Structures are given as structure tokens and as C-alpha cells.
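Here are the chains, one letter per residue:
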Amino acid sequence: MRFIFIVLAFLTFNACKSTKAESAFAFAENPVIAHRGAWKALNLPQNSIASLKHAIELGCTGSEFDVRMTADNVLVVNHDPDYNGLFIEETTYSELSKHKLSNGEVLPTLRDYLLAGMESNPGTGLVCEIKPSKTEGRNVLMAEKVLELVDELKAEKYISYYISFSYELLKRIIEINPNAKTQYLDGSKSPETLRGDGVSGLDYATHIFKRKPEWIESAKAHNLKLNAWTVNKAEDLDLFLANGFDYITTDEPELLFERIRNSATYNTVYKLVWSDEFNYNGAPDATKWTYSYGFIANEEKQYYTDSLKNARVENGHLIIEAHKEKLANKDFNNPNLKPWAQYKKEIDSAQYSSARLTTEGLAEWKYGRIEVSAKLPKGRGMWPAIWMLSEDRKELGWPESGEIDIMEHVGYDNDTIHGTIHTKAYNHLKGTQKGKTIFIDRPNDTFHVFAIEWTPEKIDFLLDGVVYNHIANEHKTTAEWPFDKKFHLILNVAVGGMWGGRQGIDESIFPQRMTVDYVRVFQQKSKDQ
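Since we're looking at a predicted model, the values are computed, not measured.

A. Fine view of the pairing of strand β12 (residues 270–276). A large share of β12 lies buried, amounting to five of its seven residues. Summarising the sheet, β12 and strand β28 (residues 512–524) pair through six bridges and their orientation is antiparallel. Paired with Ser 275 across the strands is Arg 520, a residue of β28.

Here it is in C-alpha cells:
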């Protein structure tokens, strides 16, 4: 009896060890999905076992690959419907395998690929894309055979997601295995539809999310995983990082890791609460922006209008453009905001037009990170600004109400930008304003990110992620720190004025524009996020 007990105990112990080892796999904690493996940097064949191994070496959270089925029902890993001039569905695997990949590998079967992905893999999931077939019944058959093989190899824990352009195929996977994680690729179905059909997430092309940004919040509200394919540009990678995507599928995993390291908002206390990515055309979004009109302040020479000539969205950017011109009624989209007759004399005296956009009355924030990616106008006399005023400025007056100048630039000093606060105690009328400058390289033809990080204790001014001005809360009075209330954002391009026109205006430079790629506002996440 004692011998039997020892044997049983030994078997039980080893079974527990085996179960524990089998369940120990955990996906890496990053959003990087290597598209067809990590192939580009090392010039490896796409969908090769070598590219899979390199994705594992990089520590990607996932490596995506494509599955097709041969004429003799062998599941193989290949993107295109043909391989070496042979149509996969009409060719046996033995025929296909005679032709090697460029690195000498045999065309991988799914079995070989899964086994390779399960070996010495600390955390890279396998993202299995099953390519649709036009042959009736074949999609369902492929779904069934893929799941059979995964089950046979005990590979399920390594599968991040099953993805496909075939909705029929995904629904069959869910029917067979309700616990399988799935993502739809086509981009044609809303998050509500996916949720209703039990699909786990949406993996849509970049342009889909740009055209339907509301689907991002809808997906989060429906607890669906967000993925985007195939994202290779730095600005697009930054966009999806800022929007808190769970995954980003890319041919450039090394670049995505770099963008993650340099991101001031990814994997931090911040959450995106407001943005305009300008992925539309025409007038600026009226739910986000309103206009200032007329001559405003600082002896500036431009007259602010709401004309599309002065403020418009095109090719994914907001354009705020200054012109040298005489104005007329036609230069206003809504002249009734200020009756034309009442301001005709003022308008007749204008020599320049421009635009000043503001979120006043639409969106205001207390604390957070505010960042704007922009290229600046060029030339003597230009004075672009990205800045903020408080919700109570009309009641308190300036400078008591406070002002935060995220970025100011004057054309006669082209390689310098300024970050400044104005308060009752610290303002330019007294010469006590708290401002600092930083050198900026190629401000007119390169997008730079101008930002502040604002908390109850400080305001930091940043250029491309580098802090160059730190304003600490002295904890005295509101004369020094009026920044514990909501402020709205202003974007404008001024011409001339007390500062911008200090060295005159170059009449030959017009039109001049500030080009804005995006505006994003982040605030601290709540404890349960």
C-alpha cells in the first residue's frame, strides 16, 4: 500500500507540475503585432518561421500569419492565393513544397508553424488569419480543420486571435469554440454588430478608423479589443497609441517599439479625453471649434474671419492661413454674427485676413496634457500662437483670469519658440511674465509637437517631448496661480502687432499658414481605468 501511495503521489505531483507549466504562457504586455512576422528589418521572407522567430526575439505581443488550404486539404502559411505561380487551392502540398522560400525554408505547414511558435516562446501570441475562399463550403471546412489542429497540438493558449475577412468563417469558429478570441478585418461592421454576434474585437484598416473615429469609443464601450492594420507611418502609430488601442499590426515592429518608448502618453496616467485628428474636409468641426471675429488685440493687423480661405480642413490637416487682401462680405461664412453694416468701416480698414479658432463654450479642461502637432508660418511679421484662456476671463478680466501660452513664435526669430504664463502678478505689461524659449529646427516645413503638462502643482512646457519651461505652483494667491479652473484652447495666426510686427511685415510672403496635424487633450485616468 505504501508503494502504491508513493507512486500515486509522484504521478499527482508531476501532473500538477505539467498542468502548471502548460498554463504558464502569458502574452507580452505591449500592443505590437508583427505583420506576417518580423521580416522587414532582416529581409526575411514574410510568413516564414524565421520571421516568426524574430518577432518572438523582439518580444512582440503577437505575430500575425496567413493560413490557406491546398487541394489535398493541407493547411499552409502563405499570404497570396498563389505560391510560385501555383494556385494553392488547386495544388497539392507535395507540389508546392518543391519550391523553397527565399531563405531556404520549405513552405511552412500550419502544423510546423504552430510547433515553431510554441517552442522557446516567452510571450508572443500567434495571430491566425484564415484567408477566405470563394469555393462554397471551404471557409467552414478551413475553420474546422484549423481548430482541430490547434486542439490536437494543445496550442490554444498560444493563439492570441483568429482573424479573417470572412464573417461566415469567424462565426463558425465561435460556434465550435465559444471561448475562441476573434477579430473581424473587413471594416464594414459596427462594434454593436460585432458584439451582438460574439466577435471579440475589430481589426480594421487605418483609414476606417480615421473615417469613423466614433467606432473607437463604441468598441471600448462594448468591451471589444481594438486593433489596426497595417500601420507603418510614425504619425499613425502615434495616433493609435494615443487612442489606447490594444494592438497595432505593423510591418515596422521596431519602429512601433521606438514610438512606445518615446510616447509621453502611452502606458502612463493619461487617457485621451478630446481630440481632433482632422480626418475630414471642409470647415473645421463646428462641434469642436468656433471662431473669433474682427480686430482683437495687441495692435495686430489681421481681421479674423470664418472664411474657408482662412480656416479649412484638407488632406488630414487644419489650415489656418493669413492673406494680404481687402475684405468683402463674401469673405464671411456667417456675417450675421457681426452685422455687416455695423462693422463695415472696420472691415474696410483691414489689409490682412486670418483666422482664430477656439474651443470656448464647447470644450474646456482643468489640468491634463494638451498637445498640438503643427508646422508654423514663415516670414517677418507672422505671429502664430497655440494658447489657453480661462472660463471666467470675461468676469475677472485679463490678466487676473490667467493665460497659458503653449507656443508662440514670431517670424523675425524663426528658430525660437516661447512658452509663457500670464497672471496678475506675472505678465508682460509689468515685464514679469514667466516665459522661456527653446531652439526649434525647421519649424516651417516639419511637424513639431507643442505641449503642456498641467497639474495642481506645476505647468511644464514641452517641445517634442522635451521640457524647457517648468512653472511651479508657489501656493500663494490666485495672483500668482490662477490655474485651478477650466481653460479653453485657441489656435491663431496673427499678422504684425506689438510683438509680431516689431520688425515690420514682409509684404512679399503671403499667403502664410499654420498647418495642424492634430490636437489632443489627455487627462489622468481614474483609479478604476
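B. Just the environment of Asp 66, in detail. You can see Asp 66 is positioned in strand β2 (residues 62–69). Taking relative accessible area as the criterion, Asp 66 reaches 0% and is therefore assigned buried. Along the backbone, Asp 66 and Leu 110 are 44 residues apart, and their C-alpha atoms lie at a distance of 9.3 Å. Non-local contacts of Asp 66, meaning those with residues more than four positions away in its chain, are made with Arg 36, Asn 47, Val 76, Val 77, Asn 78, His 79, Glu 129 and Lys 131. Reaching out from Asp 66, the side chain makes a polar contact with the side chain of Asn 47 at a distance of 2.9 Å.

C. Structural detail: the confidence of the model for the chain. Taken residue by residue, the chain gives an average pLDDT of 93. The fraction at 70 or more is 94%. Across residues 1–22, confidence stays below pLDDT 50; counting only partners more than four residues off in sequence or on other chains, it has two contacts.

D. Representation of the nonpolar core within the structure. Ranked by size, the top nonpolar core spans 57 residues in total, and within it Met 388, Phe 450, Trp 454, Ile 459, Leu 489 and Leu 491 carry the most contacts. With five residues, strand β27 (residues 487–495) is the largest single contributor of residues to this core. When neighbours within four sequence positions are excluded, Met 388 is seen to be in contact with Trp 365, Ile 370, Glu 403, Ile 404, Ile 406, Ile 452, Trp 454, Phe 487, His 488 and Leu 489. Formed by 33 residues, the second largest nonpolar core is a distinct cluster that contains Val 32, Tyr 167, Ile 208 and Leu 237.

E. Summary view of the pairing of strand β20 (residues 382–390). A large share of β20 lies buried, amounting to nine of its nine residues. Residues of β20 alternate between two faces, with Met 382, Pro 384, Ile 386, Met 388 and Ser 390 on one and Trp 383, Ala 385, Trp 387 and Leu 389 on the opposite face, all of them buried. Where β20 lies against β27, nine bridges are found, and the strand directions are antiparallel. Following the sheet pairing, Trp 387 is matched in β27 by Ile 490. Here β20 pairs with strand β21 (residues 403–408) via five bridges, running antiparallel. Bridge assignment links Met 388 to a residue of β21, and that residue is Ile 404.

Rules used throughout
Residues numbered from 1 in each chain as written. Predicted model: local features only at pLDDT ≥ 70, side-chain atom pairs only at ≥ 80, totals over all residues. Heavy atoms only, no water. Buried < 20%, exposed > 50% of the residue type's maximum accessible area, 1.4 Å probe, protein only. Helix = DSSP H or I, 4+ residues; strand = E, 2+ residues; numbered from the N terminus. Pairing = 2+ DSSP bridges. Contact = heavy atoms within 4.5 Å. Polar contact = N/O pair within 3.5 Å; in protein donor to acceptor, adjacent residues only side chain to side chain. pLDDT = per-residue confidence, 0-100. Core = buried A, V, L, I, M, F, W, Y, C linked by side-chain atoms within 4.5 Å.

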